[in-house]
Amino acid sequence: MWTASGERRRKSRRRGVVEAKLVACMRTRVTDLLGIRYPIIQAPANFVGVPQMVAAVSDAGGFGILASGRLSPEEIRQDIRAIRDLTDKPFGV
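Computed from a predicted model, the values in this text were never measured in an experiment.

Cut-off values and rules
- Residues numbered from 1 in each chain as written.
- Predicted model: local features only at pLDDT ≥ 70, side-chain atom pairs only at ≥ 80, totals over all residues.
- Heavy atoms only, no water.
- Helix = DSSP H or I, 4+ residues; strand = E, 2+ residues; numbered from the N terminus.
- Expected span 1.5 Å × (residues − 1).
- Buried < 20%, exposed > 50% of the residue type's maximum accessible area, 1.4 Å probe, protein only.
- Arc of directions from axis to C-beta.
- Contact = heavy atoms within 4.5 Å.
- Salt bridge = Lys/Arg side-chain N within 4 Å of Asp/Glu carboxyl O.
- pLDDT = per-residue confidence, 0-100.
- Polar contact = N/O pair within 3.5 Å; in protein donor to acceptor, adjacent residues only side chain to side chain.

**Q** I'm lost on helix α4 (residues 73-86) in this one. Help?
**A** An α-helical turn contains 3.6 residues, so any two residues separated by three or four positions project in the same direction. The first and last C-alpha atoms of α4 sit 20 Å apart over 14 residues, in line with the 20 Å expected at 1.5 Å per residue. Three or more residues of α4 are buried, namely Ile76, Asp79, Ile80 and Ile83. For α4, the angular spread of the buried residues around the axis is 105°, confining them to a single face. In this structure, the buried residues of α4 make contact with α3 (51-59) and β2 (91-92).

Shown next, in the form of structure tokens:
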């Protein structure tokens, strides 16, 4: 394994401990507030911020956001239902 400065480092036998520390240091006020694992928020971009993308981001530990600017109220309700069918994780609209 190589460090950022280009030095060679031995592979840790305690990989799980290192990963746990990495996840712990990614805990922020935002992750606590939104109930997510990683401080990653998907931008609600039209035509790609669809239910499948929102659910995938949320399932991966980020915060998926549905792009609703181009949708009618009924389409928004349908997409919210679709997201809820795909994931039980938090997401935004």
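**Q** Looking at this structure, I do not really get the pattern of salt bridges. What am I missing?
**A** Tallied over the full model, the rule gives three salt bridges. The closest approach of N and O atoms between Asp32 and Arg27, which form a salt bridge, is 2.8 Å. Asp32 gets classed as partly exposed once you look at its relative accessible area, which sits at 45%. Overall, the relative accessible area of 59% leaves Arg27 in the exposed class. In this structure, Arg77 and Glu74 form a salt bridge, with 3.2 Å as the shortest nitrogen-oxygen distance. You can see Arg77 and its partner Glu74 sitting in helix α4, three residues apart, about one turn around the helix. A relative accessible area of 41% places Arg77 in the partly exposed class. Classification of Glu74 as partly exposed rests on a relative accessible area of 35%. Overlapping salt bridges, with partners in common, bring together Glu74, Arg77 and Arg81 in one network.

**Q** Any chance you could explain the environment of Gly49 here in plain terms?
**A** Tracing the chain through its elements places Gly49 in the loop between α2 (29-34) and α3. Through-space distance from the C-alpha of Gly49 to that of Leu66 is 5.1 Å; in sequence the pair is 17 residues apart. In contact with Gly49, other than residues within four places in its own chain, are Gln42, Val54, Ile65, Leu66 and Ala67.

**Q** Whenever I open this one, the confidence of the model for the protein chain confuses me. Can you help?
**A** Where the model shows low pLDDT, its predicted coordinates should not be examined in detail. Per-residue confidence for the protein chain gives a mean pLDDT of 84; residues scoring 70 or more make up 73%. For the protein chain, helix α1 (residues 15-25) is the element with the lowest average pLDDT, namely 61, and α4 is the one with the highest, namely 97.

**Q** Just checking my understanding: could you explain the side chain of Gln42 for this structure?
**A** By the element assignment, Gln42 lies in the loop between α2 and α3. There is a polar contact of 3.3 Å between the side chain of Gln42 and the backbone nitrogen of Ile65. Leave out the neighbours within four places in its chain, and Gln42 touches Val48, Gly49, Met53, Val54, Val57, Phe63, Gly64 and Ile65.

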